[in-house]
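Architecture at a glance
Here is how the chains run, residue by residue.
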Amino acid sequence: MWLDETLHLKYPLIQGGMARVATGAFAAAVSNAGALGLIGSGGMTCDMLREAIHEAKSKTDRIFGVNLMLMNPEADAQAQLVIDEGIKVVTTGAGNPGKYMKAWKEAGIIVMPVVPSAALAKRMERAGADAVIAEGTESGGHVGELTTMALVPQVKAVVSIPVIAAGGIASGKQALAALALGADGFQVGTMLLASYEAPIHENYKQAILKAKDTGTVVTGRIGGTPVRIIKNKMAKNYIKKEKEGASLMELEKFTLGGLRRAVVDGDVDTGSLMAGQVAGMVNKEDSLEHIIANLFDELKAEQKRVSEIKL
Ligand code: TUI
């Protein structure tokens, strides 16, 4: 497929840019397992991102990338940092990276913005993106409105660059469905949280392993920052306050530092446990290498099963 052929990967798979989870060591481990590892800049200062890049370089000889979270107050400096550090692949999230595209392309960087709509996908193609990542609302963290099922074919219809499918993928069946929708590669996040290598608190990991299909909810839809997290006390209070018309300032009291409380402190009551809807099917801890290899074994078996269906 386009993704593995262009980046010389064993698998056509990108790791989601999970803020506070996707450290330099984690990105390197994903790349070492044969996919494209990404350092997630969400929650990082420019200095932290530089250190994470150096750590990844020290831990893998394979290609890895950086996911720039565009709501980060240091996004402008980080956009320059990836050029200075010779990063080869950049994905972006939570905004429009248009103003950085020219400099990135001049530096020879492969750029893949995450898009929640066909309109933004078209704009990104015109701005010079090499591919777009069409991410459905099944995903964890900051999400758009459309499902992967509705989004991927509609993006595919309006661009001629490759389209990577994201959101709702954690099995061979779902990867095959993404291929049927027109995807040229996959991005996954939640299923990688169940790896031994994921640097998250044990309580967060257990919450993912125990979650059911209806175990996640989107907070912040009204305020304009929709974030999918595992249902907990914080999520329930947030949504109650949001419905009562609480101000953004008041709501921020719940979320500020929430991701750090989840990932570092393992506070499953007041932490922001970002996870996608597939958390319900992630039931077993395993190595990154097994999780990723197993996904593609399943995909091949499912492709065979579906090809034998008589229509
Ligand atoms: O970015 C993500 N997922 C994230 S970022 C993150 S860190 C965070 N923490 C607290 C609050 C908010 C974020 C956690 N998860 N996914 C990619 C993504 N990008 N999803 C949706 C979008 C998006 C939304 C609007 C991309 C572009 C966009 O454009 C708006 C515009 O300006 O046109």
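Shown above is the structure to which this text applies.
The structure reproduced in this document is the subject of the present report. Remember, it's a predicted structure, so these values are computed and weren't measured experimentally. (Residues numbered from 1 in each chain as written. Predicted model: local features only at pLDDT ≥ 70, side-chain atom pairs only at ≥ 80, totals over all residues. Heavy atoms only, no water.)

**Comments concerning the overall build of the chain**
Worth spelling out the cut-off: Only DSSP runs of H or I reaching four residues or more are called helices, and only runs of E reaching two or more are called strands; each is numbered from the N terminus. A radius of gyration in this sense is built from C-alpha atoms; the matching globule rule multiplies 2.2 Å by the number of residues raised to 0.38. Residue exposure (1.4 Å probe, protein chains only): buried if accessible area is under 20% of the type maximum, exposed if over 50%, otherwise partly exposed. Two residues qualify as a contact provided that any one of their heavy atoms is within 4.5 Å of a heavy atom in the partner residue.
Of regular secondary structure, the chain possesses 14 helices and 11 strands. For a compact globule of 311 residues, the expected C-alpha radius of gyration is about 19 Å, and the chain comes in at 18 Å, within 12% of that figure. Projected onto its principal axes, the C-alpha coordinates of the chain cover approximately 50 × 50 × 40 Å. Burial analysis of the chain (311 residues in total) assigns 54% to the buried set. Long-range contacts, defined as pairs at least 24 residues apart, comprise 60% of the intrachain contacts of the chain with a sequence gap of at least 6.

**Overview of the site of the ligand**
As a reminder, the rule being used: Note on terminology: near, applied to a residue and a molecule or strand, indicates that one of the residue's heavy atoms is within 4 Å of it. For the purposes of these results, a polar contact is taken to be a pair of N or O atoms within 3.5 Å, where, inside protein, one atom must be able to donate a hydrogen and its partner to accept one; residues adjacent in sequence count only when each atom of the pair is a side-chain atom. Using a 1.4 Å probe, accessible areas were evaluated by the Shrake-Rupley method; residue-level cover was limited to the displayed protein chains.
Around the ligand sit 15 residues in total, of which Ala94, Gly95, Val114, Glu135 and His142 are the nearest. At 2.9 Å, a backbone N or O of alanine 94 approaches a nitrogen atom of the ligand. Note that a nitrogen atom of the ligand is positioned 3.1 Å from one of the side-chain N or O atoms of glutamate 135. The fraction of the free accessible surface of the ligand (710 Å²) that becomes covered by protein chains is 73%.

**A closer look at the pattern of salt bridges**
A side chain of one charge can pair with a side chain of the opposite charge if their charged atoms are brought near each other. Spelled out, the test is: Any carboxyl oxygen of Asp or Glu within 4 Å of a side-chain nitrogen of Lys or Arg constitutes a salt bridge here.
Using the criterion set out here, one finds 15 salt bridges in the structure. Its salt-bridge partner being arginine 305, residue glutamate 302 comes within 2.7 Å of it at the nearest N-O pair. In this pair, glutamate 302 and arginine 305 both sit in helix H14 (residues 288-307), three residues apart, roughly one turn of the helix. Among the ionic contacts, a cluster of salt bridges with common partners joins Lys173, Glu302 and Arg305.

**Concerning the pairing of strand S3 (residues 64-69)**
How we decide: Pairing between two strands is assigned when DSSP locates at least 2 bridges connecting them. Look down the strands so they point away from you; if the path from the first strand over the helix to the second goes clockwise, the crossover is right-handed.
Buried residues dominate S3, accounting for five of its six residues. When strand S2 (residues 37-40) meets S3, the two strands line up parallel, connected through four bridges. Counted as the bridge partner of glycine 40 is asparagine 67 from S3. At this point the chain moves from S2, through helix H3 (residues 46-59), to the parallel S3, and the crossover so formed is right-handed. Sheet topology places S3 next to strand S4 (residues 89-93); five bridges connect them, and they run parallel.

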